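# Understanding the architecture of this molecule
One letter stands for each residue in the lines below.
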Amino acid sequence: LKYWRVGLGQEWNEKWATHEFYHNYSFDNDAMDDLSSEWGLGVRYTYSPQLSFGLQYTNVKFDADGVDNDNIIRFRTQVVF
């Protein structure tokens, strides 16, 4: 597996932050050869130092013709104690 990743993050203030990323994949194994890249963006809201919420969109590209591409939406709650 060979891959590279580019990611950007921005803290807008103590409550809000955003991030973007891009991954590119190259596999030596033919069984996983369909996955080629993914990109995404997200936002995080920090309610308190112990509680934050995040929403992220990710687009995964599996093949050149775009038939098997996938769109993923994640909602995350993080509790620290």
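Throughout what follows, the structure given in this document is the object of discussion.

Cut-offs and rules
- Residues numbered from 1 in each chain as written.
- Predicted model: local features only at pLDDT ≥ 70, side-chain atom pairs only at ≥ 80, totals over all residues.
- Heavy atoms only, no water.
- Helix = DSSP H or I, 4+ residues; strand = E, 2+ residues; numbered from the N terminus.
- Buried < 20%, exposed > 50% of the residue type's maximum accessible area, 1.4 Å probe, protein only.
- Contact = heavy atoms within 4.5 Å.
- Areas by Shrake-Rupley, 256 points an atom, 1.4 Å probe, with all protein chains shown as cover.
- Polar contact = N/O pair within 3.5 Å; in protein donor to acceptor, adjacent residues only side chain to side chain.
- Patch = residues over 30% accessible without salt bridge, like charges linked within 9 Å, V, L, I, M, F, W, Y side chains within 5 Å.
- Salt bridge = Lys/Arg side-chain N within 4 Å of Asp/Glu carboxyl O.
- Phe/Tyr/Trp six-rings, centres within 6.5 Å; stacked < 30°, edge-to-face > 60°.
- Pairing = 2+ DSSP bridges.

## Details of the overall build of the protein
Across its full length, the protein holds zero helices and five strands. Taken over 81 residues, the protein has a buried fraction of 22%. At a minimum sequence separation of 6, the contacts of the protein that also span at least 24 residues come to 29%. For the protein, the accessible surface area stands at approximately 6200 Å², while carbon and sulfur atoms represent 56% of it.

## Some remarks on the side chain of Asn59
Tracing the backbone through its elements, the reader meets Asn59 in strand E4 (residues 51–61). In this structure the side chain of Asn59 is engaged in a polar contact, spanning 2.9 Å, whose partner is the side chain of Asn71. When near neighbours in sequence (up to four residues on either side) are disregarded, Asn59 contacts Ser37, Glu38, Trp39, Asp70 and Asn71.

## Quick look at a nonpolar patch on the surface
Together, Trp4, Val6, Tyr22, Trp39 and Leu41 make up an exposed nonpolar region whose accessible area comes to about 470 Å². Within the residue set of the nonpolar patch, elements represented by two or more residues are strand E1 (2–11) and strand E3 (37–48). Tracing the backbone through its elements, the reader meets Val6 in strand E1. Val6 gets classed as partly exposed once you look at its relative accessible area, which sits at 43%.

## Considering the packing of aromatic side chains
Taken as a whole and judged by the stated rule, the model has four aromatic pairs. Taking 5.4 Å as the distance between ring centres and 50° as the angle between the ring planes, the aromatic pair formed by Trp4 and Tyr22 counts as tilted. Within this pair, whereas Trp4 is found in strand E1, its partner Tyr22 is found in strand E2 (residues 16–26), the two being separated by 18 residues in sequence. We classify Tyr22 as partly exposed; its relative accessible area is 30%. Where Trp16 meets Tyr45, the ring centres are 4.8 Å apart and the plane angle is 50°; that geometry is what we call tilted.

## Quick look at the pairing of E1
Little of E1 is tucked away: zero of the 10 residues are buried. Pairing geometry for E1 and E2, over 10 bridges, is antiparallel. Pairing of Gln10 across the sheet is with Thr18, part of E2. Two successive antiparallel strands, E1 and E2, enclose a turn made up of four residues.

Read these as layout, nothing more, since geometry by itself doesn't imply function.
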